[in-house]
Amino acid sequence: MIRIIPKKTNVSLELFKGISVMDFLVGAIGVILAVLVLCSNLPFKLYLTTAILVVFICLLITIDEDKNYVFLAHIIKHYARPSLAVSHYALDNKVQTDETEQWEEEESEEESPQKSKSKKKGSKKSTEVPDLIAFTGVSDSMINFDSKYYCKVIEVSPMEFRFLTDSRQDYIIDRVFGAALRNISDDQSVSIVKVDRPIVYDDYIATEYEKIEALSDAYVNGAVEEDELRVRLEIIYDRISKIEELNFDDKVYDCFHYICVYDKTSSSRTVY
């Protein structure tokens, strides 16, 4: 039985370099519309044809690795939903308002008018941050959820399953990953989390600075000439600038997978 987990890739079909099938379809639609307008009896058809060609050419221009028609599709999709979102929001607000009014009426029957007035004022206060964020702290490598339950996060190292044999794949899935999940007790729960975050190249930058210190020591000891030192430093600083560019400006994103184990106590070590 073949047990291969293929790498997830999104590759667009290209007719030519930089021109996908979707680009060709959008361009073809623009050309067809322009020809139809040009062959029609419409007034100012020459100006209309030029306007159509300009619009479709602008749609095919690439910005941030995506065509403009992709951004236009996202904008249309975004503004096509507000009516549904507003209706749900209005319904939720109405239910919440009815519940609040009912609660205030019950409280007003039991308490004095002055106390009920103070409660109404208190209900208008903004929501505090602890009410929005579930966890209250991190201690001993455990995420604390107000001492009601705890969470341990375990990072799963990436691995290329395609380069492994079938027996090795079975061993990793059944004996390693499967064994860890089977150790979860009835009082625990587990979730698998995938996060796309930028890769941090701080270790590579630190290594380059260590090379600079080593070159400086070699120059002081007379092992390296001044001309050689200058050339090698230029190469290292150029490499550092490229790495910092990847670290801060042109960030490289990768998928990181984690296993989150939840438990009522912080002393459990079933999976850790």
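In this report, the structure presented in the accompanying data block is examined. (Residues numbered from 1 in each chain as written. Predicted model: local features only at pLDDT ≥ 70, side-chain atom pairs only at ≥ 80, totals over all residues. Heavy atoms only, no water.)

### Here we look at the overall build of the protein chain
So, step 1. A count of helical and extended segments in the protein chain gives nine helices and nine strands.
So, step 2. Counting over 272 residues, the protein chain shows a buried share of 18%.
So, step 3. Restricting to contacts in the protein chain with at least 6 residues of sequence separation, those with at least 24 account for 63%.
So, step 4. Counting only carbon and sulfur atoms, one obtains 58% of the accessible surface of the protein chain, whose full area is about 21,700 Å². (Helix = DSSP H or I, 4+ residues; strand = E, 2+ residues; numbered from the N terminus. Buried < 20%, exposed > 50% of the residue type's maximum accessible area, 1.4 Å probe, protein only. Contact = heavy atoms within 4.5 Å. Areas by Shrake-Rupley, 256 points an atom, 1.4 Å probe, with all protein chains shown as cover.)

### Overview of a nonpolar patch on the surface
So, step 1. On the surface, Val 156, Tyr 171, Val 176, Phe 177, Leu 181, Val 190 and Ile 192 cluster together into a nonpolar patch covering about 550 Å² of accessible area.
So, step 2. Contributing elements (two or more residues each) for the nonpolar patch: α7 (166-182) and β8 (189-198).
So, step 3. Counting residues per element, the nonpolar patch draws most heavily on α7, which supplies four residues.
So, step 4. Mapped onto the elements, Ile 192 comes out in strand β8. (Patch = residues over 30% accessible without salt bridge, like charges linked within 9 Å, V, L, I, M, F, W, Y side chains within 5 Å. Salt bridge = Lys/Arg side-chain N within 4 Å of Asp/Glu carboxyl O.)

### Things to note about the environment of Leu 46
So, step 1. Here Leu 46 lies in helix α2 (residues 45-59).
So, step 2. A relative accessible area of 58% means that Leu 46 is categorised as exposed.

### Some thoughts on the sheet that holds strand β9 (residues 253-263)
So, step 1. The strand order β5-β6-β7-β9-β8 describes an open sheet built from five strands, whose pairing is antiparallel. The open sheet terminates on both sides in strands that have one partner only, identified here as β5 (137-139) and β8. Neighbour to neighbour, the strand axes of the sheet diverge by 30° on average, direction disregarded. (Pairing = 2+ DSSP bridges. Axes fitted to C-alpha atoms, helices over the stretch in contact; angles between N-to-C directions.)

### Considerations on the nonpolar core
So, step 1. Judged by nonpolar contacts, Tyr 201, Ile 205, Ile 212, Leu 215, Ala 218, Val 224, Leu 229, Leu 233, Ile 236, Ile 240 and Ile 243 together constitute the single largest core of eleven residues.
So, step 2. Residue assignment for this core shows that the elements contributing at least two residues are α8 (202-220) and α9 (226-249).
So, step 3. The element contributing the most residues to this core is α9, with five residues.
So, step 4. In this structure, Leu 215 is in contact with Leu 229, Arg 232, Leu 233 and Ile 236, ignoring residues within four places of it in sequence.
So, step 5. Membership of the second largest hydrophobic core comes to seven residues, among which are Val 26, Val 37, Phe 56 and Tyr 69. (Core = buried A, V, L, I, M, F, W, Y, C linked by side-chain atoms within 4.5 Å.)

### A closer look at the pattern of salt bridges
So, step 1. Under the defined criterion, the tally for this structure stands at eight salt bridges.
So, step 2. Among the ionic pairs, Arg 230 bridges to Asp 227, the shortest N-O distance being 3.2 Å. Of the two residues, Arg 230 and Asp 227 are both situated in helix α9; the distance of three residues between them amounts to about one turn of the helix.
So, step 3. Residues joined in a network through salt bridges with shared partners are Glu 208, Lys 211 and Arg 239.

### What about the packing of aromatic side chains?
So, step 1. Counted under the stated rule, the structure contains four aromatic pairs.
So, step 2. Considering the side-chain rings of Phe 44 and Tyr 47, the 6.4 Å spacing of their centres and the 55° angle between planes classify their relative orientation as tilted. For the residue pair Phe 44 and Tyr 47, the accessibility class agrees, reading exposed in each case.
So, step 3. Residues Phe 145 and Tyr 149 carry aromatic rings whose centres are separated by 4.5 Å and whose planes lie at 10° to one another, so their mutual orientation is stacked.
So, step 4. You can call Phe 145 buried: its relative accessible area is 11%. (Phe/Tyr/Trp six-rings, centres within 6.5 Å; stacked < 30°, edge-to-face > 60°.)

### Notes on unusual backbone geometry
In most cases, non-glycine residues show a negative phi, while peptide bonds are predominantly trans.
So, step 1. In the Ramachandran plot, Phe 44 falls in the positive-phi region, its phi being about 55° despite a non-glycine side chain.
So, step 2. One can find Phe 44 in the loop between α1 (21-38) and α2.

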